[in-house]
Amino acid sequence: MSTSSSPAALLAYERLAPVYDRFTDSYDHDGWVARLERIARQHGLSGRRALDVACGTGKSFAPLLELGYDVWACDLSPAMAEQARRAGGVDPDRIVVADMRELPHEGAFDLVTCLDDAINYLLEPDDLVAAFRNVARLLSPTGVYVFDTNSLSTYRAAFAARVTFERPQADARWRGETRAPIGPGALCEASIELAGSSVSHHVQRHHPESTVRKALASAGLACRAVLGQSTGGVLHEDADEDTHTKLVYLAARAGDESLDFGKEVTTMEIVRPIVRPRIVRPSIVRP
Ligand SMILES: C[S@@+](CC[C@H](N)C(=O)[O-])C[C@H]1O[C@@H](n2cnc3c(N)ncnc32)[C@H](O)[C@@H]1O
């Protein structure tokens, strides 16, 4: 297993943890996660036992608690996991420090989530396969896995060198640092300058849809749907790397295609591709 991705992501979030909630205070996790959960139900999700992988400070599992889920969670960063424990709502023993490529959990989960571009911190296809294998092991037979990845549009708008923006509420400044042209599969970098001269350095890989689909299949998961997402957590039926900020994947255990409820899904949650969304101000890691 490659370990190259962990040290950078670990250090980035150990430093960012104290201000993460303020840095992301404009994100509407409640509406976003509730929408994703409803779509997952239309793809066969039943039951309310959830595992939130890469939970950060708990913003991605808080809406699941509101929806009545019994939640377990993990994150690579001890500082982020500690914030999640302090947020309350989940037995602190259920929030563990773990790399998503080596999950210690046992048992079957109805819903496994991994939200807000955590997957992009996995830098090699083998890392994706390792992470997805753990999910395949932990999903119940009708369980659904929901995760998102940053699109090329997001990397070009936020990770390219010379892109900067302020987050005054967190006393922080974002700086894109990718000098090479950003194409499919690019390695992208950015830094967040924090008060007191501390820097949270982020290294992410853009994962093309074909790479993600291949890794899911290698891990024993079947891709049920790939949706595009634009700012505000608005979901679109046709994922488009150039116009959407994120791609959202729904997957389930492979092998029992009779469970492919997704084939017939029509939902008001998803915008049909009549009008392309206009990205007014692309923002990184913003649901
Ligand atoms: C942008 S934050 C998202 C946190 C949370 N899911 C949310 O929506 O607010 C990305 C998280 O991924 C975690 N992470 C990065 N690489 C990881 C890995 N290999 N295993 C587990 N967590 C990881 C980071 O520590 C960080 O908390």
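Right above here is the structure, for reference.
Treat the numbers as computed from the prediction; the structure is a model and nothing was measured.

Student: How should the pairing of strand β6 (residues 164–167) be read in this particular structure?
Tutor: Side-chain direction in a regular strand flips from residue to residue, so the side chains alternate between the two faces of the sheet. Strand direction decides the pairing type here: β6 and strand β7 (residues 172–176), joined by four bridges, are antiparallel. Each bridged residue has a counterpart across the sheet, and for Glu-166 the counterpart in β7 is Arg-173. Linkage of β6 to β7, two consecutive antiparallel strands, is achieved through a turn of four residues, within which Asp-171 is found at a positive phi near 50°.

Student: I keep staring at the sheet that holds strand β9 (residues 199–205) and nothing clicks. Help me out?
Tutor: One open sheet accounts for four strands, arranged β6-β7-β8-β9; its pairing is antiparallel. If you trace the sheet from one side to the other, it starts and ends with β6 and β9, each paired once. Strand-to-strand, the axes of this sheet are offset by a mean angle of 20°, without reference to chain direction. Examined bridge by bridge, β7 and strand β8 (residues 187–193) share four bridges and lie antiparallel to one another. Bridge pairing in β8 places Arg-173 opposite Glu-193. Together, β7 and β8 form the strand contacts of helix α7 (residues 152–159), whose direction differs from that of β8 by roughly 45°.

Student: What should I look at first to understand the pairing of strand β1 (residues 49–53) in this one?
Tutor: Counting buried positions over the five residues of β1 gives four, a clear majority of the element. For β1 and strand β2 (residues 70–75), the ladder comprises five bridges, and the chain directions are parallel. Across the sheet, the residue bridging to Val-53 is Cys-74, located in β2. Where β1 lies against strand β4 (residues 109–114), three bridges are found, and the strand directions are parallel. Its bridge partner being in β4, Ala-50 is matched across the sheet by Leu-111.

Student: Hey, could you run me through the site of the ligand in this one?
Tutor: Near the ligand lie 21 residues; those nearest to it are Ala-54, Gly-56, Leu-76, Asp-116 and Ala-118. Here the shell around the ligand gets three residues from one element, more than from any other, and that element is helix α1 (residues 5–16). Each residue belonging to the shell around the ligand can be placed in one class, and the counts come to eleven nonpolar, four polar and six charged.

Student: Help me understand α7 in this model?
Tutor: One turn of an α-helix holds 3.6 residues; hence residues three or four places apart share an orientation. Within α7, seven of the eight residues are buried, which leaves the element mostly enclosed by the surrounding structure. Those residues of α7 not exposed but buried are Leu-152, Ser-153, Thr-154, Tyr-155, Arg-156, Ala-158 and Phe-159. At its buried positions, α7 is contacted by β5 (139–150), β7, β8 and β12 (246–253).

Student: How do you make sense of helix α3 (residues 29–42) when you look at a structure like this?
Tutor: With 14 residues, α3 extends 20 Å from end C-alpha to end C-alpha; this agrees with the ideal 20 Å at 1.5 Å per step. Restricting attention to buried positions, one finds in α3 the residues Trp-32, Val-33, Arg-35, Leu-36, Glu-37, Ile-39 and Ala-40. In the core, the buried residues of α3 are packed alongside α4 (62–66), β4, β5, β11 (234–236) and β12. Immediately downstream of α3, the backbone of Gly-44 shows phi near 105°, a positive value.

Student: What is the right way to look at the environment of Ser-151 in this model?
Tutor: Structurally, the position occupied by Ser-151 is in the loop between β5 and α7. Here Ser-151 falls in the buried class, since 26 other C-beta atoms lie within 10 Å of it. Setting aside its immediate chain neighbours within four residues, Ser-151 contacts Glu-241, His-244, Thr-245, Lys-246 and Leu-247.

Student: So what exactly am I meant to see when it comes to unusual backbone geometry here?
Tutor: Of all residues except glycine, most have a negative phi; of all peptide bonds, most are trans. Its identity is not glycine, yet Ala-54 carries a phi of approximately 60°, on the positive side. By the secondary structure assignment, Ala-54 is in the loop between β1 and α4. Although it is not a glycine, Asp-116 sits at a positive phi angle of roughly 70°. Tracing the chain through its elements places Asp-116 in the loop between β4 and α6 (125–138).

Student: Before we go on, may I ask you to explain the environment of Cys-114 in this structure?
Tutor: As for its placement among the helices and strands, Cys-114 is situated in strand β4. Placed 14 residues apart in sequence, Cys-114 and Met-100 show a C-alpha to C-alpha distance of 9.2 Å. Excluding its chain neighbours within four sequence positions, the residues that come into contact with Cys-114 are Val-53, Ala-54, Met-100, Ile-119 and Phe-147.

Student: I would appreciate a short explanation of the packing of α6 against helix α8 (residues 209–218) in the present structure.
Tutor: Axis angle and axis distance: for two packed helices, these are the angle between their axes and the distance between the axes, and together they describe the pair. Put simply, α6 and α8 touch, their axes get as near as 8 Å, and they point 45° apart. With respect to their mutual orientation, α6 and α8 come out oblique. In the crossing of α6 with α8, the sense of the turn from one axis to the other is right-handed. Facing α6, whose interface residues are Pro-125, Leu-128, Val-129 and Phe-132, α8 presents Thr-211, Val-212, Ala-215, Leu-216 and Ser-218. The residue makeup of the contact of α6 with α8, split by class, is seven nonpolar, two polar and no charged.

What counts and what doesn't
- Residues numbered from 1 in each chain as written.
- Predicted model: local features only at pLDDT ≥ 70, side-chain atom pairs only at ≥ 80, totals over all residues.
- Pairing = 2+ DSSP bridges.
- Helix = DSSP H or I, 4+ residues; strand = E, 2+ residues; numbered from the N terminus.
- Axes fitted to C-alpha atoms, helices over the stretch in contact; angles between N-to-C directions.
- Contact = placed C-beta atoms within 7 Å.
- Buried ≥ 20, exposed ≤ 12 C-beta atoms within 10 Å, placed from the backbone.
- Near = placed C-beta within 6 Å.
- Nonpolar A, V, L, I, M, F, W, Y, C, P; charged D, E, K, R; others polar.
- Expected span 1.5 Å × (residues − 1).
- Parallel < 35°, antiparallel > 145°, perpendicular 65-115°, else oblique.
- Left-handed = near helix turned anticlockwise from the far one by under 90°.

This is a description of form; function is not addressed.
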